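Coordinate analysis (summary)
One-letter residues, chain by chain:
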Amino acid sequence: QVQLVESGGGLVQAGGSLRLSCAASVSIFSIKAMGWYRQAPGKQRELVAVITSGGSTNYADSVKGRFTISRDNAKNTVYLQMNSLKPEDTAVYYCNAERLTIDYWGQGTQVTVSS
């Protein structure tokens, strides 16, 4: 069982920055991949960024060059640094962990970008 706790969401003006954190209840060395997804009202949940246990990263085209995913193995935490935020980035952001073929999700954190 893996528990994920997100933090760092909030309200920010367009062009601003936020950093999301996702703390895992287990060592993230044992987690194949961790990622951030988001879901805007009336839309499907979509992948934002993912980082593997080996450190490889992948990003949605809409956030490339603006968002950076990273991990701190000592703290069992994954981060999403979001810069140059746009109103269309407004969504609930969810942390995801894939471990032993099972997907785990956090409770989500709201990010609202005002224009």
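Cut-offs and rules
Residues numbered from 1 in each chain as written. Predicted model: local features only at pLDDT ≥ 70, side-chain atom pairs only at ≥ 80, totals over all residues. Heavy atoms only, no water. Helix = DSSP H or I, 4+ residues; strand = E, 2+ residues; numbered from the N terminus. Buried < 20%, exposed > 50% of the residue type's maximum accessible area, 1.4 Å probe, protein only. Contact = heavy atoms within 4.5 Å. Salt bridge = Lys/Arg side-chain N within 4 Å of Asp/Glu carboxyl O. Pairing = 2+ DSSP bridges. Axes fitted to C-alpha atoms, helices over the stretch in contact; angles between N-to-C directions. Phe/Tyr/Trp six-rings, centres within 6.5 Å; stacked < 30°, edge-to-face > 60°. Lys NZ or Arg CZ within 6 Å of the ring centre and 35° of its normal.

It is worth spelling out the environment of T112 at this point. Within the secondary structure layout, T112 lies in strand β11 (residues 109-114). When its relative accessible area of 28% is taken as the criterion, T112 is described as partly exposed. Put simply, T112 and E88 are 24 residues apart on the chain and 9.0 Å apart in space, counted from C-alpha to C-alpha. Setting aside its immediate chain neighbours within four residues, T112 contacts G10, L11, V12 and T90.

Another aspect to go through is the pattern of salt bridges. Opposite charge on two side chains permits pairing when their charged atoms draw close. Under the defined criterion, the tally for this structure stands at five salt bridges. Residues E46 and R38 are paired through a salt bridge, measuring 2.7 Å at the closest nitrogen-oxygen approach. Take E46: its relative accessible area is 37%, and that puts it in the partly exposed class. The exposure class of R38 is buried, given its relative accessible area of 6%. Of the charged contacts, one joins D89 and R66 as a salt bridge, the two residues approaching to 2.8 Å between their closest N and O atoms. Placement of the pair is D89 in the loop between β8 (77-82) and β9 (91-99) and R66 in the loop between β6 (57-59) and β7 (67-72), with a sequence separation of 23 residues.

Across the sheet, four strands lie side by side as β1-β3-β8-β7; this open sheet has antiparallel pairing. Two strands lie at the open edges of the sheet, namely β1 (4-7) and β7, each paired on one side alone. Strand-to-strand twist in this sheet, taken as the mean axis angle between neighbours without regard to direction, amounts to 15°. Across four bridges, the pairing between β1 and strand β3 (residues 18-24) is antiparallel. From the neighbouring strand, S7 faces β3, where its bridge partner is S21.

A complete count under the given rule lists one aromatic pair for this structure. Taking 5.0 Å as the distance between ring centres and 70° as the angle between the ring planes, the aromatic pair formed by Y37 and W105 counts as edge-to-face. Pair noted here: Y37 is in strand β4 (residues 33-39) and W105 is in strand β10 (residues 102-105), with a separation of 68 residues, a long-range link. Residue W105 is classed as partly exposed on the basis of its relative accessible area of 36%. The ring centre of Y94 lies 3.8 Å from the NZ or CZ of R45, which sits over that ring. In this structure, R45 is placed above the aromatic ring of W105, and the distance from its NZ or CZ to the ring centre is 4.6 Å.

Below, the discussion takes up the environment of G108. By secondary structure assignment, the location of G108 is in the loop between β10 and β11. Exposure remark for G108: the relative accessible area of 16% places this residue in the buried category. Along the primary structure G108 and P41 are separated by 67 residues, whereas in three dimensions their C-alpha atoms are 14 Å apart. With sequence-adjacent residues up to four places away left out, G108 is seen in contact with E6, V92, Y93 and Y94.

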